[in-house]
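# Breakdown of the fold
Listed here are the chains, written in short residue letters.
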Amino acid sequence: MDKINNVSFTGITNIGYIKFKRPTELPNVKINSKSISMILLDDYKGNDLTEYLNVIKRMPKTQYGYLHPAGHNALNIECASLEDCNVLLVNGRPIKVDDEHLPMFSYIAKLTRTITNMKDTDMVVNKTYKDYAADSLLVFGDKVSKLPESTYSKDAIDYFLFGNVVRNGAKKVNSFIQNLMNDYFGV
């Protein structure tokens, strides 16, 4: 079946996963990151967008918020690691690991479990998104085509939107969150 559809049956569309390195101000030091991004919708199978917006309302008030500059339905979840320091970012904003932010961790864990169990036919990728938005939305604050990794180019977008890549990426993001929670709860 053609992967590019224009009908959503899950409330989660245009899901992509990418691993990359972010430069730091230190020479030869880069942050290892993995990112899963998507567009959330409300449909007959679920209210993924409304659930996300409700979780945001429960977060402590912040100066910048957790909405994506590209739109309230865009979601980018980045797992960043540098040596022993691991940070989860939602739409470019670090999420503090504390009781007040647990609803965000729970929501993302549920979301990544849902993605892990999605069939290829449920992974809708709109052609317009792939051709015009994915390059700018797969990595928060950067373009895939501008990443220093030589194998990443705008032509590689299809790979980052491929079902098995996305499912395996969702598992890795879920595992990252689980490890953060285990550290927090002392498990």
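Everything below is about the structure printed above this text.
Keep in mind that this is a model prediction, so the values were computed, not measured.

Turning our attention to the overall build of the protein. For the protein, the helix and strand inventory stands at five helices and seven strands. What you see in the protein, going N to C, is helices and strands ordered as β-β-β-β-α-β-β-β-α-α-α-α. The burial tally for the protein puts 47% of its 187 residues in the buried class. For the protein, restricting intrachain contacts to residue pairs at least 6 apart in sequence, the fraction spanning at least 24 positions comes to 68%. By element, 52% of the accessible surface of the protein is carried by carbon and sulfur atoms, the whole surface being about 10200 Å².

For the rest of this paragraph, the subject is a positive patch on the surface. Taken together, the side chains of Lys19, Lys21, Lys30 and Lys172 define a basic patch exposed on the protein surface. Along the chain, the position of Lys21 falls in strand E1 (residues 12-23).

Turning next to unusual backbone geometry. Here the phi dihedral of Asn14 falls at roughly 50 degrees; this positive angle occurs in a residue that is not glycine. Along the chain, Asn14 turns up in strand E1. Assessed through its relative accessible area of 3%, Asn14 is described here as buried. Positioned with a positive phi, Glu83 is a non-glycine residue whose angle comes to about 55 degrees.

What follows concerns the packing of aromatic side chains. Applying the stated rule across the entire model yields three aromatic pairs. Relative to Tyr107, the ring of Tyr52 has its centre 5.8 Å away and its plane inclined at 40 degrees; by these criteria the two rings are tilted. With Tyr52 in helix H1 (residues 48-58) and Tyr107 in helix H2 (residues 102-116), this residue pair connects regions lying 55 residues apart in the sequence. Taking 5.0 Å as the distance between ring centres and 70 degrees as the angle between the ring planes, the aromatic pair formed by Tyr184 and Phe185 counts as edge-to-face. Tyr184 gets classed as partly exposed once you look at its relative accessible area, which sits at 30%. Residue classification places Phe185 among the exposed positions, given a relative accessible area of 52%.

Let us now look at the nonpolar core. Core analysis: the largest hydrophobic core is formed by 36 residues, its most contacted members being Met38, Met104 and Ile115. For this core, the secondary-structure elements that each account for two or more residues are E1, strand E2 (30-40), H1, strand E5 (74-82), strand E6 (85-90), H2 and helix H5 (163-185). Beyond its immediate stretch of four places on either side in the chain, Met104 contacts Tyr52, Val55, Ile56, Met59, Tyr66, Val90 and Ile95.

Together, Tyr184, Phe185 and Val187 make up an exposed nonpolar region whose accessible area comes to about 340 Å². Its location among the elements puts Tyr184 in helix H5.

In this fold, Val97 is placed in the loop between strand E7 (93-94) and H2. As for Val97 and Tyr184, which are separated by 87 residues in sequence, their C-alpha atoms are 7.0 Å apart. When sequence neighbours within four positions are dropped, the list of residues in contact with Val97 reads Phe105, Leu180, Met181 and Tyr184.

Relative orientation of the contacting elements H1 and H2 amounts to 160 degrees, with a least axis distance of 9 Å. The pairing of H1 with H2 is recorded here as roughly antiparallel in orientation. Judged by the twist between their axes, the crossing of H1 over H2 is left-handed. Taken together, the residues of H2 that come into contact with H1 (itself represented by Asp48, Glu51, Tyr52, Val55, Ile56 and Arg58) are Pro103, Met104, Tyr107, Lys110 and Leu111. Of the residues in the contact of H1 with H2, the class split is seven nonpolar, no polar and four charged.

Calculation notes
Residues numbered from 1 in each chain as written. Predicted model: local features only at pLDDT ≥ 70, side-chain atom pairs only at ≥ 80, totals over all residues. Heavy atoms only, no water. Helix = DSSP H or I, 4+ residues; strand = E, 2+ residues; numbered from the N terminus. Buried < 20%, exposed > 50% of the residue type's maximum accessible area, 1.4 Å probe, protein only. Contact = heavy atoms within 4.5 Å. Areas by Shrake-Rupley, 256 points an atom, 1.4 Å probe, with all protein chains shown as cover. Patch = residues over 30% accessible without salt bridge, like charges linked within 9 Å, V, L, I, M, F, W, Y side chains within 5 Å. Salt bridge = Lys/Arg side-chain N within 4 Å of Asp/Glu carboxyl O. Lys, Arg positive; Asp, Glu negative; His and termini not counted. Charge placed at Lys NZ, Arg CZ, Asp CG, Glu CD. Phe/Tyr/Trp six-rings, centres within 6.5 Å; stacked < 30°, edge-to-face > 60°. Core = buried A, V, L, I, M, F, W, Y, C linked by side-chain atoms within 4.5 Å. Axes fitted to C-alpha atoms, helices over the stretch in contact; angles between N-to-C directions. Parallel < 35°, antiparallel > 145°, perpendicular 65-115°, else oblique. Left-handed = near helix turned anticlockwise from the far one by under 90°. Nonpolar A, V, L, I, M, F, W, Y, C, P; charged D, E, K, R; others polar.

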